[in-house]
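# Observations on the three-dimensional arrangement
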Amino acid sequence: MSKKIKIILSGGGTGGHIYPAIAIANEIKKQFPDSEILFVGAKDKMEMQKVPQAGYNIKGLWISGIQRKLSLDNLMFPFKLISSLWNSFKIIKNFKPDVVIGTGGFASGAVMQVANWLKIPTVIQEQNSYPGITNKLLAKKAQTICVAYSGLNRFFINNNIIETGNPVRADILDIESKKYEAINYFKLDSNKKTLVVLGGSLGARAINRLIEANLEDFKKQNIQVLWQCGKFYFDEYKKYTNSENTIQVLSFVDRMDLLYAAADFIISRSGASSVSELAIVAKPTIFIPSPNVAEDHQTKNAKAIADQNAAILIKEAELDQKFKSVFENLISDSDLQQKMSANFKKLAKPNATIDIVKNIMNIIKS
């Protein structure tokens, strides 16, 4: 491509929106080193730290979602929306992007809407099996909608739906070769099986309580635990880290590739990005969806995998009755483990990021 391409990426509020956007940006930079990329996010959200750490510039908008209960934030929403639309207009007019890409979140909604008004091509990257209202509204004008699950044409009145999968970090594409490095990195016992627990960057109270209640059982089962409890809960649970390293409580993990490589079994939330990464990792997985997300996305994501016999779904409300027997059955049945891993691997889309960027470039060329 002869001219320098300019792209705005917008998405945030959670890692599930931010990390796919960064993965797309990294692939664009890899293919087109001279490209200019600008991120737009919400001023007080985690993207304002994560995006600069990844090496990209970001502009912040004064925007937030509508709360379920009456609050000052809800009363301020119309003013925030007007402010965000006006600032999005100024950002786009100044930067002059060839295309605007949205990966979800309220900041994404404002920027994409202004791009539509200004007749600038837009691309939606929908991570979930059940899209949110923002993407449903924006989809009507989008040139392309890149989705991770089949059957989303029932939600989007748009013929340009492409099933690409979700963008994932490049360093997890070959974890098989990293097992020895992972064992050394976490100082694990190579003769024990390892359970990895993922509650997301902020943590998950129900999962943390579950692991706390089952630590003695894990010890009896000769299983060592890498427990990512989240930054909100670290002070509460760090006391369980022991000197033998059979229980390691972690606030946040920089080397997710090594965490996945170390795992024999995984317990995880089922945000869209996590599900896509875990399909590539293809370890026996128990999903415990968060019931507190919009549209109950996580349950739908996990069900889409469990229906293929590729993972196990246990709802939070069923943990007390089901977890012990389900986990015991999983760790003792090697045939079940192999079948789940093989089925999960079939659902993986390791080329998702490359395919998304290819579609973005086709739009710019046309």
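Structural data are supplied above this passage.
### A look at the sheet that holds strand 6 (residues 144-147)
In spatial order, the strands read 3-2-1-4-5-6-7; together these 7 strands make up an open sheet with parallel pairing. Of all strands in the sheet, those with a lone pairing partner are strand 3 (57-61) and strand 7 (161-163), marking the two edges. Between one strand axis and the next, the sheet turns through 20° on average, direction left out of account. Sheet topology places strand 5 (residues 122-126) next to strand 6; 4 bridges connect them, and they run parallel. Opposite Val-123, over in strand 6, you have Thr-144 as the bridge partner.

### Quick notes on the packing of helix 7 (residues 205-220) against helix 12 (residues 319-332)
Where helix 7 meets helix 12, the closest approach of the two axes is 12 Å, and the angle between their N-to-C directions is 45°. If you check the angle between helix 7 and helix 12, you find them oblique. Seen from above, helix 7 lies across helix 12 with right-handed handedness. Contacts between helix 7 and helix 12 involve Ala-206, Leu-210, Ala-213, Asn-214, Asp-217 and Phe-218 on the former and, on the latter, Leu-319, Phe-323, Lys-324 and Phe-327. Split into classes, the residues belonging to the contact of helix 7 with helix 12 amount to 7 nonpolar, 1 polar and 2 charged.

### A closer look at the packing of aromatic side chains
Taken as a whole and assessed by the stated rule, the structure comprises 11 aromatic pairs. The side chain of Lys-50 reaches across the aromatic face of Phe-252, ending 4.6 Å from its centre. Directly above the aromatic system of Tyr-130 lies the positively charged group of Lys-300, at a separation of 4.5 Å from the ring centroid.

### Remarks on the pairing of strand 6
Taking every second residue as pointing to the same face, both faces of strand 6 are buried, with Thr-144 and Cys-146 on one and Ile-145 and Val-147 on the other. Once the chain exits strand 5 it traverses helix 5 (residues 133-138) before rejoining the sheet at strand 6, and the crossover so formed is right-handed. In terms of strand pairing, strand 6 meets strand 7 through 3 bridges, oriented parallel. Within the sheet, the bridge partner assigned to Val-147 lies in strand 7 and is Glu-163.

### A few points about the nonpolar core
Counting 62 residues, the largest nonpolar core has Ile-8, Phe-186, Leu-259 and Tyr-260 as its most contacted members. Not counting the four nearest positions on each side in its chain, Ile-8 is found in contact with Leu-38, Val-40, Ile-91, Ile-92, Phe-95, Pro-97, Val-99, Val-100, Ile-101 and Val-111. In this structure, Leu-215, Phe-218, Ile-312 and Met-340 belong to the second largest nonpolar core, which totals 29 residues.

### A closer look at helix 4 (residues 106-117)
The end-to-end C-alpha distance of helix 4, which contains 12 residues, comes to 17 Å, matching closely the 16 Å that a straight helix rising 1.5 Å per residue would cover. Among the 12 residues of helix 4, 9 are classified as buried, and the element is accordingly described as predominantly covered. Positioned one or two residues after helix 4, Lys-119 has a phi angle of 60°, which is positive.

### Comments concerning the environment of Ile-124
In this fold, Ile-124 is placed in strand 5. Residue Ile-124 is classed as buried on the basis of its relative accessible area of 0%. Separated by 20 residues in sequence, Ile-124 and Gly-104 have C-alpha atoms that sit 8.0 Å apart. With residues up to four places along the chain from it excluded, the contact list for Ile-124 reads Gly-102, Met-112, Asn-135, Leu-138, Ala-139, Ala-142, Thr-144, Ile-145 and Cys-146.

Calculation criteria
- Residues numbered from 1 in each chain as written.
- Predicted model: local features only at pLDDT ≥ 70, side-chain atom pairs only at ≥ 80, totals over all residues.
- Heavy atoms only, no water.
- Pairing = 2+ DSSP bridges.
- Helix = DSSP H or I, 4+ residues; strand = E, 2+ residues; numbered from the N terminus.
- Axes fitted to C-alpha atoms, helices over the stretch in contact; angles between N-to-C directions.
- Parallel < 35°, antiparallel > 145°, perpendicular 65-115°, else oblique.
- Left-handed = near helix turned anticlockwise from the far one by under 90°.
- Contact = heavy atoms within 4.5 Å.
- Nonpolar A, V, L, I, M, F, W, Y, C, P; charged D, E, K, R; others polar.
- Phe/Tyr/Trp six-rings, centres within 6.5 Å; stacked < 30°, edge-to-face > 60°.
- Lys NZ or Arg CZ within 6 Å of the ring centre and 35° of its normal.
- Buried < 20%, exposed > 50% of the residue type's maximum accessible area, 1.4 Å probe, protein only.
- Right-handed = clockwise from strand over helix to strand, strands pointing away.
- Core = buried A, V, L, I, M, F, W, Y, C linked by side-chain atoms within 4.5 Å.
- Expected span 1.5 Å × (residues − 1).

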